[in-house]
Amino acid sequence: MDEGYYQPYRLVEERKGSISVQYKGRTLEFLNEVLYLTEEFTGSVSVKELQVLRANALRQKPKSAANHILLQLAADVAMTDLRPILEQEAVRSADIVLVVAPDQLFEQLQVFVHPEGSRMRLADEMANHASKPNGSQILFITQTTLEKIAGAKKAKGLHAMPNGSRLKTKMLITGKPKMKEVIAENVLAYIEGSDKKDEHVIITAHYDHIGVEGGVVYNGADDDGSGTVALMEIAEALALAKAEGYGPRRSILIMPVSGEEKGLLGSRFYSDHPVLPLEKAVANLNIDMIGRTDSAHAEGPPYVYVIGSDRLSSDLHAVNEAANKDNVGIELDYAFNAADDPNRFYYRSDHYNFARKGIPCIFYFSGVHEDYHQPGDDVEKIRFDLLERRTRLVFHTAWELANREDRIRIDKPTK
Ligand SMILES: [Zn+2]
């Protein structure tokens, strides 16, 4: 570790707004005439002809698959209908998909566009991506835009055209990714164990948040300031114990990670470039938002959601339960641990990058609230009494994992 406490890694930031759509030399106005939610297309293509497909007839395969399609949605299509439609083979196999959205849907989509946002990816993984786009470039247009690019008469008569028929146009679509390299860091603090020091427990919390958007600062006191300070308190307690001659038997890696909000990137990088051998990692305890209460627990006893504890190791689950019973005594809520949890929280924070490598993990979480990913996620709203008890639970679980005679067993099938 010659970088001191840091593990730097390279990211590529892609700014929004890389796609331009021109019709007869005029660029369509983004957000009013055309919009897109994801940017897949790079390069330049002139579109002379579109294959007209109707969303409700996508299963009937047209005779020939086309690269450029115009997809017509039903007038009463809802936002929730969209994904299954766009996942149909005929759509996914096309490079350019112009979706004619009814006005109401188009207005709903406008809300989802964050023109200032950016996407970040690990530079490592970009190198493996071919320049070919990952998926179709979906472009939503309005009925009015359709009239511009196809002529008023044709646009109005579109409903009468058979599925799979062709429509002439004259468009130029270009995608020029606005890329910038960024260096980010994970922070690694290592507390060396005694007689079992070759094995280690990893405790993580992400220290990044949304940053500044539209001139507004997103402090992220709960997400994940709460986890980050919990981590520092735990590190201090462990360092103190060690200094007084009571250090843990196994080593402990305290790791504030970054890039979580951009797709769990820091933990992904670490788990692909571990500093300590992953096969010696006994467990990962991940803390992401433990400073508030959610509506399900507005009243009632202190609690924390425990997610993932029994997915790979019954021992881990038992250790956490015992640590709570013996030292903390809060309610352990397993609601989000259900395999069919529609929120899929098990896949949504940094522990998942360890779980995917077969390392048992627990995600500690106190639930979402009205300030989740909002500028109002501020420190005044943190429930420090709860934050402290939840932090103690993580500490005692880590302590037992590090000190028990036998390493916890993995006894569940890893997928
Ligand atoms: Zn978070």
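None of these values were measured; they are calculated from a predicted model.

### Thoughts on the packing of helix α7 (residues 221-243) against helix α11 (residues 384-403)
At a closest axis distance of 10 Å, the pairing of α7 and α11 adopts a crossing angle of 50°. One element, α7, and the other, α11, form an angle in the oblique class. Crossing hand, α7 versus α11: right-handed. Listed contacts from α11 to S226, V229, A230, I234, A237, L238 and A241 of α7 are L387, T391, V394, F395 and W399. Across the contact of α7 with α11, the residue classes tally to 10 nonpolar, two polar and no charged.

### Considerations on the environment of Q22
Its location among the elements puts Q22 in strand β2 (residues 19-23). If we ignore the near neighbours within four places in the chain, the residues touching Q22 are T27, K170, M171 and L172.

### Details of the sheet that holds strand β13 (residues 196-206)
If you walk across this open sheet you meet the seven strands as β12-β16-β13-β17-β20-β18-β19, and the pairing is mixed. Strands with a single pairing partner mark the edges of an open sheet, and in this sheet they are β12 (189-191) and β19 (331-333). The sheet shows a mean angle of 25° between the axes of neighbouring strands, taken without regard to direction. One ladder, built from three bridges, connects strand β18 (residues 303-307) with strand β20 (residues 361-365); its direction is antiparallel. What sits directly across from V306, in β20, is Y364. In this fold α11 packs onto β13, β16 (250-257), β17 (281-287), β18, β19 and β20, with an angle of close to 175° to the strand it touches most, β17.

### Focus on the domain arrangement of the protein
When the domains of the protein are assigned, the result is domain 1 (16-179) and domain 2 (188-403). Computed over C-alpha atoms, the centres of domain 1 and domain 2 are 40 Å apart. Every contact between the two is made by eight residues of domain 1 and, on the other side, eight residues of domain 2. Roughly 680 Å² of surface becomes buried between domain 1 and domain 2 when both sides are summed, with 52% attributable to carbon and sulfur atoms. The tally of links between domain 1 and domain 2 comes to one salt bridge. Linking R268 and E125 is a salt bridge whose minimum nitrogen-to-oxygen distance equals 2.8 Å. At the surface where domain 1 touches domain 2, the tally comes to three residue pairs in polar contact (both at pLDDT 80 or more). For the side of domain 1 that touches domain 2, the elements supplying multiple residues, two or more each, are β8 (118-122) and α4 (123-126).

### Quick notes on the environment of A184
With respect to the helices and strands, A184 occurs in strand β11 (residues 178-187). A184 gets classed as buried once you look at its relative accessible area, which sits at 13%. As a C-alpha pair, A184 and L122 span 62 residues in sequence and 10.0 Å in three-dimensional space.

### Overview of the sheet that holds β11
Pairing between the strands of a sheet is mediated by backbone hydrogen bonds and can be parallel or antiparallel. Pairing within the open sheet is antiparallel, and its three strands lie in the order β8-β1-β11. Of all strands in the sheet, those bounded by a partner on one side alone are β8 and β11. Across the sheet, the mean angle from the axis of one strand to that of its neighbour is 35°, orientation sign disregarded. Two elements, strand β1 (residues 6-15) and β11, share 10 bridges in a ladder whose sense is antiparallel. The residue bridging Q7 from the neighbouring strand is N186, located in β11.

### So, the pattern of salt bridges
In this structure the tally under the stated criterion is 27 salt bridges. The closest approach of N and O atoms between E147 and K156, which form a salt bridge, is 3.7 Å. A residue is classified by how much of its surface remains accessible, and K156, at 58% relative accessible area, is exposed. Here K197 makes a salt bridge to E192, at a shortest N to O gap of 4.0 Å. Relative accessible area serves as the criterion here: at 35%, E192 is assigned to the partly exposed category. Through salt bridges with shared partners, a single network forms among D195, K196, R249 and E405.

### Topic: the environment of N320
Assignment of secondary structure puts N320 in helix α9 (residues 314-328). Those residues in contact with N320, other than ones at most four positions away along the chain, are V306, L332, I362, Y364, L393 and T397.

### Section: the coordination of the zinc ion
Around the zinc ion, the donor atoms from the protein are H206 (NE2), D223 (OD), D288 (OD) and D288 (OD), and they sit 2.0 to 2.7 Å away. Coordination at the zinc ion is irregular, judged from the four donor atoms that bind it and the angles of 52 to 149° they form at the metal. Between the donor residues of the zinc ion, the gaps in sequence give the motif H-x16-D-x64-D. In this pair, H206 sits in strand β13 while D288 sits in the loop between β17 and β18, placing the two residues 82 residues apart along the sequence. On the basis of relative accessibility, which here comes to 1%, the residue H206 falls in the buried class. The class for D288 is buried, based on a relative accessible area of 5%.

Rules behind the numbers
Residues numbered from 1 in each chain as written. Predicted model: local features only at pLDDT ≥ 70, side-chain atom pairs only at ≥ 80, totals over all residues. Heavy atoms only, no water. Axes fitted to C-alpha atoms, helices over the stretch in contact; angles between N-to-C directions. Helix = DSSP H or I, 4+ residues; strand = E, 2+ residues; numbered from the N terminus. Parallel < 35°, antiparallel > 145°, perpendicular 65-115°, else oblique. Left-handed = near helix turned anticlockwise from the far one by under 90°. Contact = heavy atoms within 4.5 Å. Nonpolar A, V, L, I, M, F, W, Y, C, P; charged D, E, K, R; others polar. Pairing = 2+ DSSP bridges. Domains from an automatic or database assignment. Buried area = accessible area lost by both parts, 1.4 Å probe. Salt bridge = Lys/Arg side-chain N within 4 Å of Asp/Glu carboxyl O. Polar contact = N/O pair within 3.5 Å; in protein donor to acceptor, adjacent residues only side chain to side chain. Buried < 20%, exposed > 50% of the residue type's maximum accessible area, 1.4 Å probe, protein only. Donors = N, O, S within 2.8 Å, 3.2 Å for Na, K, Ca; no water. Tetrahedral: all angles 85-135°; square planar, octahedral: opposite > 155°, others 65-115°.

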